[in-house]
Amino acid sequence: LKIINTFINQSLSELEKLEKQIDGKDWEQVKSITHKMKSSCHFVGMKQMHEMVIKLESNAKENTNLEQMPELVKQLRQVVETGVAELKEEILKY
């Protein structure tokens, strides 16, 4: 449960950082943040989030589809918020 709580807190914090860096077009920081997020969402089994983070990281790394980044991060926020809500529900069962 401690790991899941840590994931919840960190993913929301990292998402806020990611949104700011995308707004600022700092692709190196986007790459760094998404790389960190990638392993944590994979660890807790958030497959859709993991796939989206990989796409964001790849775009930032290769400097491709950068115009899509703001929309991708909006979609990621929805996935993260839904996933966090589901995880919180699961925690309440224990």
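Engineer: Sorry, what's going on with the packing of helix α3 (residues 47-62) against helix α4 (residues 69-92) here?
Structural biologist: Geometrically, a packed helix pair is captured by the angle between its two axes and the distance between the axes. Relative orientation of the contacting elements α3 and α4 amounts to 160°, with a least axis distance of 10 Å. With respect to each other, α3 and α4 are oriented roughly antiparallel. As α3 runs across α4, the sense of the crossing is left-handed. Residues Gln48, Met49, Met52, Val53, Lys55, Leu56, Asn59 and Ala60 of α3 pack against Met69, Leu72, Val73, Gln75, Leu76, Val79 and Val80 of α4. The class makeup of the residues in the contact of α3 with α4 is eleven nonpolar, three polar and one charged.

Engineer: Explain the environment of Ser39 here, please?
Structural biologist: With respect to the helices and strands, Ser39 occurs in helix α2 (residues 27-43). For the pair Ser39 and Arg77, spaced 38 residues apart in sequence, the C-alpha separation works out to 17 Å.

Engineer: It is not clear to me how the pattern of salt bridges should be interpreted in this structure. Could you clarify?
Structural biologist: For side chains of opposite charge, pairing can occur when their charged atoms come near one another. Under the definition given, this model contains seven salt bridges. In this structure, Glu14 and Lys36 form a salt bridge, with 3.4 Å as the shortest nitrogen-oxygen distance. With Glu14 in helix α1 (residues 2-23) and Lys36 in helix α2, the pair connects residues that are 22 residues apart, well separated along the chain. With a shortest N-O distance of 3.4 Å, Lys31 and Glu28 are connected by a salt bridge. On the criterion of helical spacing, the pair formed by Lys31 and Glu28 is a turn pair, its members being three residues apart in helix α2. Owing to a relative accessible area of 22%, Lys31 belongs among the partly exposed residues under this scheme.

Engineer: Before we go on, may I ask you to explain α3 in this structure?
Structural biologist: The periodicity of an α-helix, 3.6 residues per turn, causes residues three or four places apart in sequence to face the same way. In this model α3 runs 22 Å from its N-terminal to its C-terminal C-alpha over 16 residues, within 8% of the 22 Å that 1.5 Å per residue would give. Among all positions in α3, only Met49, His50, Met52, Val53, Leu56, Glu57, Asn59 and Ala60 are buried. Just downstream of α3 lies Asn63, where phi reads positive at about 55°.

Engineer: Would you mind showing me how to read the nonpolar core here?
Structural biologist: In a soluble, globular protein the nonpolar side chains are often hidden away together inside. By size, the foremost hydrophobic cluster in this structure holds 25 residues, and its most contacted members are Leu18, Ile22, Met49, Met69 and Leu76. Counting residues per element, the ones that place at least two in this core are α1, α2, α3 and α4. Residue contributions to this core peak at nine residues, all from α4. Ignoring anything within four residues of it in the chain, the contact list for Ile22 reads Trp27, Val30, Leu56, Met69, Pro70 and Val73.

Engineer: Help me understand unusual backbone geometry in this model?
Structural biologist: Most peptide bonds are trans, and most residues other than glycine sit at a negative phi. A positive phi is found at Lys25, a non-glycine position, where the angle reads about 55°. Looking at the element boundaries, Lys25 is found in the loop between α1 and α2. With a phi angle near 55°, Asn65 is a residue other than glycine that sits in the positive phi range. Tracing the backbone shows Asn65 in the loop between α3 and α4. Here Asn65 falls in the partly exposed class, since its relative accessible area comes to 33%.

Reading the values: rules and limits
- Residues numbered from 1 in each chain as written.
- Predicted model: local features only at pLDDT ≥ 70, side-chain atom pairs only at ≥ 80, totals over all residues.
- Heavy atoms only, no water.
- Axes fitted to C-alpha atoms, helices over the stretch in contact; angles between N-to-C directions.
- Helix = DSSP H or I, 4+ residues; strand = E, 2+ residues; numbered from the N terminus.
- Parallel < 35°, antiparallel > 145°, perpendicular 65-115°, else oblique.
- Left-handed = near helix turned anticlockwise from the far one by under 90°.
- Contact = heavy atoms within 4.5 Å.
- Nonpolar A, V, L, I, M, F, W, Y, C, P; charged D, E, K, R; others polar.
- Salt bridge = Lys/Arg side-chain N within 4 Å of Asp/Glu carboxyl O.
- Buried < 20%, exposed > 50% of the residue type's maximum accessible area, 1.4 Å probe, protein only.
- Expected span 1.5 Å × (residues − 1).
- Core = buried A, V, L, I, M, F, W, Y, C linked by side-chain atoms within 4.5 Å.

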